Structure formats: C-alpha cells, structure tokens
Amino acid sequence: MLETTTPRSATDPGDGTGWFKTRYSVKQRAMLDLINRMHNTGVQQYIDIPMIAVVGQQSAGKSSVIEAISGITLPRATGTCTRCPMECRLTHSDEPWKCIVSLHFTADAEVRIEAFGEPIMDKAEVEERIRRAQRAILNPSTPPPRFLVGHDVTNPELTFSANCVSLQISGQHVPDLSFCDLPGLIASTGSGGRSSDIELLKNLVMQYISKPSCIILLTVACETDFQNQGAHELVKAYDKDGTRTIGVITKPDRAPPGGEERWVNMVKNKEERLDNGWYCVKQPDSVAIAEGITWEKARDKEREFFVETDPWSQLDPQSRRNLGTSNLLECCSEVLSGLISRRLPDLRKELDGLLQTTEDNLAALPRAPSASDPLGEVYNLISDFSRKFSRFLDGTPEAGGLLQSIRPAQLEFRKAVYVTAPDFRPYEKTSPPTNVSNATKKGHFVAPDFLTSEENIVSPHADDDAIYIDEVMARAQQAITRELPNNYPFVVTELYVGQIIKHWKVPALELFEVVQETLLQKIKEFVRVYFQQYPELERKVAVIVSEHIFSRSQAALDCIAWYLETEQRPRTFNDHYYHDYHDKFFAHYKALRPHANNISLNEKLKAYNPSTASTSSTHGVSKIIAGFAELSVYGIDPRDLAKVLPSDPCEAALHIMASVSAYFQVAYKRFTDNVPIAIDHELVLGLDRDQAFEKVLRLQLDIHGPDGRARCSDYLREPKNISQQRDEFRRQKDRLDAAKRELMNIWI
C-alpha cells in the first residue's frame, strides 16, 4: 500500500518558491521516479507502461493545465496549438533545472529518437524550442537541425502528426511525474485544414487511451456545454466505469451565468461520476499571460478565485480538496504511483517474456560475420558447407531429398527401356492364333504368364512393331551362307538385338538430363539456404557449383556411351538365367503354334493344379508327370510339356525369338541397373569424391593472395534487412535489460 498524505485545501498557501511542493511518501516518489527511468530506456515501445494522457477538445484549456503542472510556457501564437503529442517527463533532482528536448519519429513499429538542440538551462528558452520542435515534426522531409536556426515554414507538410516532441525536465523543485499532452480533438477543419485531420486526431487519442495502463486526464471547459465536448464520449468508450479517468474542469470564470451548478455537482462527483473525481482549476487568461504573470502569482490568483467566488467558495471542505492545480497534481501523482505499484508484478513478467522472445529472435538470425578475421570466417564457412554438402549428396531420409527427387526418373527410365522388348508373334502375319482365350490376349499379343511375377507387363498398344514368325523365318533363311542344313547364322539374333538396343540411348540421356537438372535445382536451393546471410558469397558459390556439375557431367555421359557401346554385341555370362528364360519363352511361343488335336493344350497346362478336383485333363497331366517320376525324372513343370509337341517347320524361328527375348530380359535388367548407378557414381557422388568440392571452392573463390582479405569482406556483406533486424533486436534487448534492471532496483 502507498503511504497516504493529507491533501491541501484550495486556500493552502504555496511554498513561496514558485513551485507547489507535493508531499510524496518515499514509496510514492520511488514509483514515479521508476516510471520516468523506464521511459528513459525506451521500453514503452514494447510494453504498456503506466502514464497520464491529457485529452480534451481543442481550446479546452489543456495547455494551461500543462503549464501549471510543468512550470514551463508553451507556444501560444495564432496557429500554434498542440499539433503533435508532447511527452513530459518531470524528474526531481538536486541538480540545477534543465530541459532536454528530443523528437520521436515512429515508422514500421520502430522509434527513432533524435536530440533537438543542446539541453536548455533557462526556462525562458523552452517556449521557442518547443515551437521549433513542432515545426520539425510537421515537416518530416526536412532535416530537424535546420529548424533550430530558423527555417520558418508558412505551409507545413502536415497539419497534425502522431510523431511526438519529448521534454525531459529535471530540477530541485520539479515533481516526479510523466504525462503526454495530446492534440485537442476537433469537430471541423478550418482554413488550410484537412478533412482527414478529424479522424487522425481521434485515432491518435484512441491509440493512447485504449491502453489499460493509461490514466486519462480529461479536460473540459466551463465555457462550452458539456454535452458538446466530444472528448468525454470518446473517453467513456474506453473507460466506461470511470476507473482510469481524472476529470479536469477549466475556465470556471467563463461559465455562463446560472450554468455553474452542473460543474459544481461534477466537482462533488454527483454527476458524471469518476473513481478519481473531478478537479476544477483556474489558469491565467490571455491578458495576464501577455502581461507576463509569474507562476507564483498565477497560483495566488487561483487560490483567491476559489476563496472569493461563488459558488466555489461555498463548497464543503471535502469538495474544496478538488479545487486548485496543486490538489490536481497530488491526485495525478497518487493515482499514477498507485497504478505503477499494482502493475509491477505484471511488468516484470511481461519484460521476462519479451526478453525471452527477443533472445529467441536473435538466436534465430544467422550469427554476425567476423569483422576482424573475414578470411578465417570464409574458410570456416567453406569447410562447414562442404561437410553438409557431402551428407546432402549421400542422401537424407526426408521427403523431397535429392535421391527421393531422382528416384521417379529412374523408375521411368526402367519402364522406358522395358517397353522396347521385342513383340514377337509366334504365328504368321495373316493367320492370328485361335488357340487362346480372349481373356489372355490383347489384339493378337499374348503375354507370357511367367513374367507376371517379375514385371508389370505392358502390352503393345498396337501391332505396328509386331514381328511375326514368318518374318523371322524369312530373315533367317536370307542370312544363310555356308551353314549346314537347319543351322542359321547368329547374325540374325544380333540384328534383332541391335534393333532393340538402339532405342535405349534416348531414355538413358533423358534420365541423365533429369538427374542433372534436379541436381542443379536442389543444390542451388541448398546453397541459397546455407548462404542466405551472404548474397555475394551465395551468388559466387552457386556459379561454382553449376560449373562443377557441368564438368562432372561429361564423365557420366562418357560412361553412358560406353555402356551403350558394350550392349551392341549380345553377350552374357549369366548363363543360368539366360537358358531359363530361353526355355520358358520357347515353350510359350511353341504353345501358341496351331497343331491338330492339341488346340487347348496350353490352356490346360496353365490351368493344371493337382490339388483341385480331378478332371480328364488334370488326370492326364498327372499321369505324364508320374511317368517321368518312374523314370527318375523329377521337378517337371507342366507347362514344359508343350515342348514335346510335334516338330514345327518354323522351330528355328521359335529358337531365334526365344533367344532374343531371353537375352532382352538379361540385358535390360543389367542396363537399367548400370546406367542409374553410373550417373550416380560419376555425376552425383563424383561432385565431392575425395573432397573435390571443397578444393574447387577454395580455388574458385580466389581468397588467396594479397586481395584475399578484402574479397572475403565483400563475400561476408549481409543483406540490410538481416543486419537491421539483428541491430533492432539487440537494441530491443538492451532496452528491455535496462528496464528490467530498473525494476530490480525498486526491490532492493
């Protein structure tokens, strides 16, 4: 709890020094002094610090109240009403009286504070300095120092502004108090005004009074009907219960005859009730000010007015405590210090939270580059980047990684090679087969059932590439030179294999191009993310990476060309698989050949299952297999029984077709493995084999020699937005730290 003091009545004489002396308790003074020191840290940009905002209609007497509280004289010439907020921070000090004027410009939530002239030691100079400071605020495109030495402006850029003039006043007879005098609200604009000013001023006032820690000093003038003073309605919208508002009634000597009763009832808090009450003050009129009335004389005249003038002189003692500037000041000090005291625990929590957020924001930004050793910094960046780059090339488990992005192209390559399989038809071109069901053929193509467990069989879309048995037989016979009867040259098999292999170059090169493009995109993004703090270094490394990829590309292309060349001659040491495929294809083709009395043999052999109910066909197949077993021949595949069919005049062609198809199965699997592996080995992994990439970077960045240090400094130049963010977060942290220290001191 704050220690309480007994307020003076309006007849209490002053102290004779020209300043009223409020009787603060020790704790009350400490609270008011704390809030001034916190304002000095600039932390009010980030946190709601208790303050007093002086609000009222234009010409409601606000300036006179400010003068009475602060002891300074404000500009009063025509057209020099308050046109921007004016913050006053009053601080009691044992040092001589002093006033420091500064300008606060706010843009994008950032406050720029600019000192406006040297400290003022003479009160008489304050009025002119404030006038010039306001001109600087209203003409933001002109450097403020120009207004210190003249530069009068008849038509300012702005009529009103949200930027503010700040006064820091200290001295032996100065009370501890902080408040902000806001421009008076207007209902219409005069000559030279702007219609937007009405809303601008309203929004400016709302910006202050909407804060829960803002105490509202609402000024209303007796010379104007209360209901016509819109400031009250605006304040009531944000302080409906009147808990944060202190009412100030000005110009009591100008109340219309017979109209004083309402104002008196407000001072008694019977009308428009406020928790902190209404105060009535009497300030010098324009004539007295022009005659140079002193502050002390003004206070004397105020006391005389309330003692000698009805109905004020007839008020009860309790209500008379709400008369006079000194009692108003004591109320302001007590209410403000009380709010500060209640807010202290929350202020500390809010500061801690903001500090943590600010530190997190700082930590999220890249570390600031070294100014003392740019060469060492670049070396460290290259080494760290190269290590991460190597892991990137090895592959990461995340979706969208380099290898994950390449894999679809590898699968597409395998499919593209697979569809080049020879489309052999074991029947004459003019005699399509009739010994297979419609369910097992597409057009006249019949897929080998033994391949279904290995591949997703792709049937030909048309018959354009079909190779019929009579065509194979004709080509074999044409190729005969000095061979023995029923022997056909191997060149026929080579010819068909060559026709297949020639189609493999295009998908192989397409795979290479996709991998190369994916590699370029992924690595450029990797470089961008890693070096985003240093645009120049990022640009240079991206160029080096691209050139390095292209240099490694030739090795991959040479390897692909070598594999294509080796595939031109049919050859394999994979005898077991080749013979297995040959026998299966031969049986498949032979089963599709038309023969008497065995039209459905192939279908029966395919459907054979010894575990199912016995039929005449399954019984017959079982007997044949059992017969082989009696001859000690085991492991017979029922489908191989088609081989015992009578010899076919085109059997030589069937062997050629089976040989080519079998070799395709062996060769295409080999090729679709080797080409992706070669591209990965030569191009992807080849980029950093034996730490080649780091060596290339060190060489191409050209950081050795006499210009290396300067070049590294250029590489480490950050984008302005990053350095500005870091500087702002550091300034914010400094302000928050300073404010926290001030809060800590209050508990010591």
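Scoring rules and cut-offs
- Residues numbered from 1 in each chain as written.
- Predicted model: local features only at pLDDT ≥ 70, side-chain atom pairs only at ≥ 80, totals over all residues.
- Heavy atoms only, no water.
- Axes fitted to C-alpha atoms, helices over the stretch in contact; angles between N-to-C directions.
- Helix = DSSP H or I, 4+ residues; strand = E, 2+ residues; numbered from the N terminus.
- Parallel < 35°, antiparallel > 145°, perpendicular 65-115°, else oblique.
- Left-handed = near helix turned anticlockwise from the far one by under 90°.
- Contact = heavy atoms within 4.5 Å.
- Nonpolar A, V, L, I, M, F, W, Y, C, P; charged D, E, K, R; others polar.
- Buried < 20%, exposed > 50% of the residue type's maximum accessible area, 1.4 Å probe, protein only.
- Phe/Tyr/Trp six-rings, centres within 6.5 Å; stacked < 30°, edge-to-face > 60°.
- Lys NZ or Arg CZ within 6 Å of the ring centre and 35° of its normal.
- Pairing = 2+ DSSP bridges.
- Expected span 1.5 Å × (residues − 1).
- pLDDT = per-residue confidence, 0-100.
- Core = buried A, V, L, I, M, F, W, Y, C linked by side-chain atoms within 4.5 Å.
- Polar contact = N/O pair within 3.5 Å; in protein donor to acceptor, adjacent residues only side chain to side chain.

## What about the packing of helix H11 (residues 374–394) against helix H21 (residues 692–700)?
For step 1, the next point in the chain: It is the contact of H11 with H21, at a shortest axis distance of 9 Å, that shows an interaxial angle of 150°. Taken together, the axis directions place H11 and H21 in an arrangement best described as roughly antiparallel. Along this stretch, H11 crosses H21, giving a crossing that reads as right-handed. Across the interface between the two elements, Tyr379, Ile382, Ser383, Phe385, Ser386 and Phe389 from H11 touch Phe693, Glu694, Leu697 and Arg698 from H21.
For step 2, the next point in the chain: Tallied by class, residues from the contact of H11 with H21 come to 6 nonpolar, 2 polar and 2 charged.

## Description of unusual backbone geometry
For step 1, the next point in the chain: Following Asp310, the chain continues to Pro311 via a peptide bond in cis, the omega torsion being 0°.
For step 2, the next point in the chain: Residue placement: Pro311 occurs in the loop between helix H8 (295–308) and helix H9 (317–320).
For step 3, the next point in the chain: Residue Ser59 is not a glycine yet carries a positive backbone phi of 70°.
For step 4, the next point in the chain: Structurally, Ser59 is set in the loop between strand E1 (51–56) and helix H2 (62–70).
For step 5, the next point in the chain: Backbone geometry at Asp702 places phi at a positive 55°, although glycine is not the residue there.
For step 6, the next point in the chain: Residue position: Asp702 is located in the loop between H21 and helix H22 (708–715).
For step 7, the next point in the chain: Of the residues examined, Asp702 reaches a relative accessible area of 40% and is grouped as partly exposed.

## Let's talk about the packing of aromatic side chains
For step 1, the next point in the chain: Per the stated rule, a full pass over the model turns up 25 aromatic pairs.
For step 2, the next point in the chain: The interplanar angle of 40° and the centroid separation of 5.5 Å between the aromatic rings of Phe385 and Phe526 together place this pair among those described as tilted. Highlighted residues: Phe385 in helix H11 and Phe526 in helix H15 (residues 505–530), separated in sequence by 141 residues.
For step 3, the next point in the chain: For Phe385, a relative accessible area of 0% gives the class buried.
For step 4, the next point in the chain: Connected via pairs of aromatic rings, a cluster forms that spans Phe385, Phe389, Phe392, Phe526, Tyr530, Phe531 and Phe693.
For step 5, the next point in the chain: Geometry around Phe160 places Arg83 over its ring, the cationic atom sitting 4.8 Å from the centre.
For step 6, the next point in the chain: Here the guanidinium or amino end of Lys282 rests over the ring plane of Phe305, the centre of that ring lying 5.9 Å away.

## Quick notes on the pairing of strand E6 (residues 177–181)
For step 1, the next point in the chain: The buried count for E6 comes to 5 of 5 residues, which makes it a mostly enclosed element.
For step 2, the next point in the chain: Covered by surrounding structure in E6 are Leu177, Phe179 and Asp181 together with Ser178 and Cys180, the residues of both alternating faces.
For step 3, the next point in the chain: Here 3 bridges tie E1 to E6, and the two strands are oriented parallel to one another. Each bridged residue has a counterpart across the sheet, and for Val54 the counterpart in E6 is Asp181.

## What about helix H17 (residues 575–591)?
For step 1, the next point in the chain: Between its first and last C-alpha, H17 extends 24 Å over 17 residues, near the 24 Å set by a 1.5 Å rise per residue.
For step 2, the next point in the chain: Along H17, the residues that are buried comprise Tyr578, Tyr581, His582, Phe585, Phe586, Ala587, His588, Tyr589, Lys590 and Ala591.

## Let's talk about the confidence of the model for the protein
For step 1, the next point in the chain: Chain-level pLDDT for the protein is 84 on average; 89% of the residues reach the 70-or-more range.
For step 2, the next point in the chain: Throughout residues 1–23 the model reports pLDDT below 50, and contacts reaching past four residues in sequence, or to other chains, amount to 59 contacts.
For step 3, the next point in the chain: Contacts from residues 437–443, a stretch scored under 50 in pLDDT, to residues over four places away or in other chains number 11 contacts.

## A closer look at the nonpolar core
For step 1, the next point in the chain: Formed by 82 residues in total, the largest nonpolar core has its most connected members in Phe385, Leu393, Trp504, Leu519, Ile523, Val541 and Phe671.
For step 2, the next point in the chain: Broken down by element, this core gets its largest block of residues, 18 residues, from helix H20 (residues 651–684).
For step 3, the next point in the chain: Setting aside residues up to four positions removed in sequence, Phe671 forms contacts with Phe413, Val417, Trp504, Ala508, Tyr563, Leu564, Glu567 and Pro676.
For step 4, the next point in the chain: The next biggest cluster of nonpolar side chains, apart from the first, holds 60 residues, and it includes Ile69, Val101, Leu344 and Leu736.

## Quick look at the environment of Ser102
For step 1, the next point in the chain: Note that Ser102 resides in strand E3 (residues 98–107).
For step 2, the next point in the chain: Each C-alpha atom, one on Ser102 and one on Leu167, is 6.7 Å from the other, the two residues being 65 residues apart in sequence.
For step 3, the next point in the chain: Contacts of Ser102, omitting those with residues within four sequence positions, involve Ile113, Glu114, Ala115, Phe116, Cys164, Val165 and Ser166.
For step 4, the next point in the chain: Among the polar contacts listed, one links the side chain of Ser102 to the side chain of His104, at a separation of 3.3 Å.

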